[in-house]
Amino acid sequence: MNPMMAARLYSTVQGGAMPSSPTPQANPAAEGPGFADMLKSVVTQTAEQTRGAEMQMAQNVQGQGSLIDVVTSISAAEASLETVLAVRDQVISAYKEIMAMPI
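From a predicted model like this one, the values you see are computed outputs, not experimental measurements.

### Focus on the overall build of the protein
- Of regular secondary structure, the protein possesses 3 helices and 0 strands.
- Reading the helices (α) and strands (β) of the protein from amino to carboxyl end gives α-α-α.
- Of all 103 residues assigned to the protein, the portion counted as buried reaches 10%.
- Entry remark: accessible area of the protein is about 8,100 Å², with carbon and sulfur atoms responsible for 64%.

### What about the pattern of salt bridges?
- Enumeration over the complete set of coordinates arrives at 1 salt bridge.
- In this structure, Arg88 engages Asp89 in a salt bridge whose closest nitrogen and oxygen atoms are separated by 2.8 Å.
- Its relative accessible area of 40% is what places Asp89 among the partly exposed residues.

### Some words on helix H3 (residues 67–100)
- Taking 1.5 Å per residue as the helical rise, H3 with its 34 residues ought to reach 50 Å, and the 49 Å between its terminal C-alpha atoms agrees with that figure.
- Every buried residue belonging to H3 is among Val70, Ser73, Ala77 and Ser80, and all of these are buried.
- At its buried positions, H3 is contacted by helix H2 (35–61).
- N-capping of H3 is provided by Ser66, with a side-chain oxygen placed 3.2 Å from the backbone N of Ile68.

### Structural notes on a nonpolar patch on the surface
- Together, Phe35, Leu39, Val43, Val87 and Val91 make up a nonpolar patch on the protein surface, roughly 400 Å² of accessible area in all.
- Mapped onto the nonpolar patch, the elements with two or more residues apiece are H2 and H3.
- A per-element tally of the nonpolar patch places H2 first, with 3 residues.
- Topologically, Val91 is positioned in helix H3.
- Looking at Val91, the relative accessible area reads 43%, which means it is partly exposed.

### With respect to the side chain of Ser73
- Inspection of the secondary structure puts Ser73 in helix H3.
- You can call Ser73 buried: its relative accessible area is 16%.
- With sequence-adjacent residues up to four places away left out, Ser73 is seen in contact with Ala53 and Gln56.

Criteria and thresholds
Residues numbered from 1 in each chain as written. Predicted model: local features only at pLDDT ≥ 70, side-chain atom pairs only at ≥ 80, totals over all residues. Heavy atoms only, no water. Helix = DSSP H or I, 4+ residues; strand = E, 2+ residues; numbered from the N terminus. Buried < 20%, exposed > 50% of the residue type's maximum accessible area, 1.4 Å probe, protein only. Areas by Shrake-Rupley, 256 points an atom, 1.4 Å probe, with all protein chains shown as cover. Salt bridge = Lys/Arg side-chain N within 4 Å of Asp/Glu carboxyl O. Expected span 1.5 Å × (residues − 1). Contact = heavy atoms within 4.5 Å. Polar contact = N/O pair within 3.5 Å; in protein donor to acceptor, adjacent residues only side chain to side chain. Patch = residues over 30% accessible without salt bridge, like charges linked within 9 Å, V, L, I, M, F, W, Y side chains within 5 Å.

Put into structure tokens, the structure is as follows:
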């Protein structure tokens, strides 16, 4: 995940979390993509970056790629994976807090 994607996701979440009008809308699907859609998109992009890093490594082993490209793609894939893991940890933490609440 690059910084622009993170900023776009942050603005999407902020826009979806606070409605612009005080009255609730009748059709929540009209507000845009939901959390599950955003999460699916991020996981898909992370998997694509990982595949790209693997392709760069394979090209370097065959003598076709540059070491700088390999390091850059691995760093991008690692950052994306760390972001996904951080979100996962926060979701699990929130779930545990909700489950610990008295009914």
